[in-house]
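Here is what each chain is made of, one letter per residue.
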Amino acid sequence: MEKSEIIAARLGGLGSSDAKMVASVGRNKALTKTATDRISVMMGMKEKKQFSTEATAKGDYIEAEVFKHLKRIYPELVSNPRYTSEPLTAKYGFSVFTHIDFELSTDDRLIWMECKATTESLDKTKQTYKDQLNWHWMLLKEKAANLGVTPELWLVHYDTNTTGYFNPSAVTIQPLSLRSGSEILLEGLSFISDALLDFKKDDSADVTVESLPVEYNNMVTVVAGYMREIKEREAAVEVFKERLRDMMVEKGIKSIKNDSFSVVLIPETVSTTFDSKKLQAENPSVYEKYTKQTKKKAYIKFNVK
């Protein structure tokens, strides 16, 4: 199935790319901003913002190259087949499906392969994508049972730390042994199904971090951490400045200096300010006469909690 078809299929159902959101709903028993936004898209109430970047294009390229590489080993390999769970779809009232990256069917086995191209180690990748892998495993077991064969889920890991074009030696395949994880997904699906009875769409122009291209997703999180650290350090600086000011006033110290910084005590002063709001309220015509509009460039404001 083509990538454009996979994206279109998100309308009307939830797939493996929604697994992290569904698991979060299952754990917290509440619809997050991410969940509300995604359900709005699922129900056709809101258009999904699509991003195409150099990083996403590279990811698609690597996946295609990995598929060609593995197809030489497994000629019957199929790329991006869709599987929809009829029991879960009937139970929850919306399509529950997955697009596994690669599928290999034999007389006695059904093998699904999830391909991840990342700088993370294989073990870290398993942890990062555990909800998605559990989603695949949940539906894989169902399909394999219908076929009367043994299910196997493999993680195909491509190390993007490698340089140059596609390098087959950067591919590692590890069969996974998953014992649990579907329970929290089923709880999330059940909660979402119940919430649809009186669901109201999200009309905001906001998007969640999770919907951003991966390189923005990661950097926004990193920068938010920087901003939180700056905020904490600035608060500590203000506390110390208060203490230092009191000490300098008490000791009669006007300044503290060395080769890299100086601290200067500014004496107490009286400032004069202009109350523009009072003028606007009492003399609106005068206020209007002496105000002007200036176009300002859009800018980013980070708020950290």
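Above: the structure in question.
Residues numbered from 1 in each chain as written. Predicted model: local features only at pLDDT ≥ 70, side-chain atom pairs only at ≥ 80, totals over all residues. Heavy atoms only, no water.

Q: Any chance you could explain the overall build of the chain here in plain terms?
A: A tally of helices and strands in the chain yields 11 helices and 10 strands. In the chain, buried positions account for 34% of the 305 residues. Long-range pairs, those at least 24 residues apart, make up 65% of the contacts in the chain with a sequence separation of at least 6. Carbon and sulfur atoms make up 54% of the accessible area of the chain, which amounts to about 20200 Å² in all. (Helix = DSSP H or I, 4+ residues; strand = E, 2+ residues; numbered from the N terminus. Buried < 20%, exposed > 50% of the residue type's maximum accessible area, 1.4 Å probe, protein only. Contact = heavy atoms within 4.5 Å. Areas by Shrake-Rupley, 256 points an atom, 1.4 Å probe, with all protein chains shown as cover.)

Q: Where do I start with the sheet that holds strand β2 (residues 78-79) in this structure?
A: Consider a sheet: its strands pair through backbone hydrogen bonds, and that pairing is either parallel or antiparallel. Pairing is mixed across the open sheet formed by 5 strands, whose spatial order is β2-β5-β6-β7-β8. At either end of the open sheet lies a strand with only one pairing partner, and these are β2 and β8 (171-176). Judged from the 10 bridges that link them, strand β6 (residues 109-118) and strand β7 (residues 150-159) form a sheet pairing that is parallel. Of the residues in β7, the one forming a bridge with Ala117 is Tyr158. (Pairing = 2+ DSSP bridges.)

Q: Quick question: what am I supposed to make of the pattern of salt bridges here?
A: Between side chains of opposite charge, pairing is possible as soon as their charged atoms come close. Across all of its chains, the model carries 13 salt bridges by this definition. The salt bridge involving Lys143 is made with Glu103; its shortest N-O contact spans 2.8 Å. Taken together, the residues span a long stretch of sequence, with Lys143 in helix α7 (residues 130-147) and Glu103 in strand β5 (residues 102-105) at a distance of 40 residues. On the basis of relative accessible area, Lys143 is assigned to the buried category, the value being 16%. Here Lys116 ties to Glu114 by a salt bridge, and the two come within 3.0 Å at their closest N and O atoms. For the pair shown, Lys116 and Glu114 are each scored as buried. Via salt bridges that share partners, Glu242, Arg245 and Asp246 belong to a single interconnected network. (Salt bridge = Lys/Arg side-chain N within 4 Å of Asp/Glu carboxyl O.)

Q: Before we go on, may I ask you to explain the sheet that holds strand β4 (residues 95-99) in this structure?
A: Pairing in this open sheet of 3 strands is mixed, and the strands run β1-β4-β3 from one edge to the other. Strands at the two margins of the open sheet, each flanked by one partner only, are β1 (13-14) and β3 (82-84). With 3 bridges connecting them, β3 and β4 associate as antiparallel partners. Of the residues in β4, the one forming a bridge with Arg82 is His99.

Q: Is there a simple way to think about the nonpolar core in this case?
A: When a protein is soluble and globular, its nonpolar side chains tend to lie buried together. Membership of the largest hydrophobic core comes to 34 residues, with the highest contact counts inside it found for Leu14 and Trp135. By residue number, the principal contributor to this core is α7, which donates 7 residues. Not counting residues within four places of it along the chain, the set of residues in contact with Trp135 comprises Leu14, Gly15, Ser16, Ala19, Val22, Val96, Phe97, Thr98, Leu185 and Leu189. In terms of nonpolar packing, the next biggest core, distinct from the first, is built from 16 residues, Val66, Phe102, Leu104 and Val171 among them. (Core = buried A, V, L, I, M, F, W, Y, C linked by side-chain atoms within 4.5 Å.)

The quantities given are spatial measurements derived from coordinates; they are silent on function.
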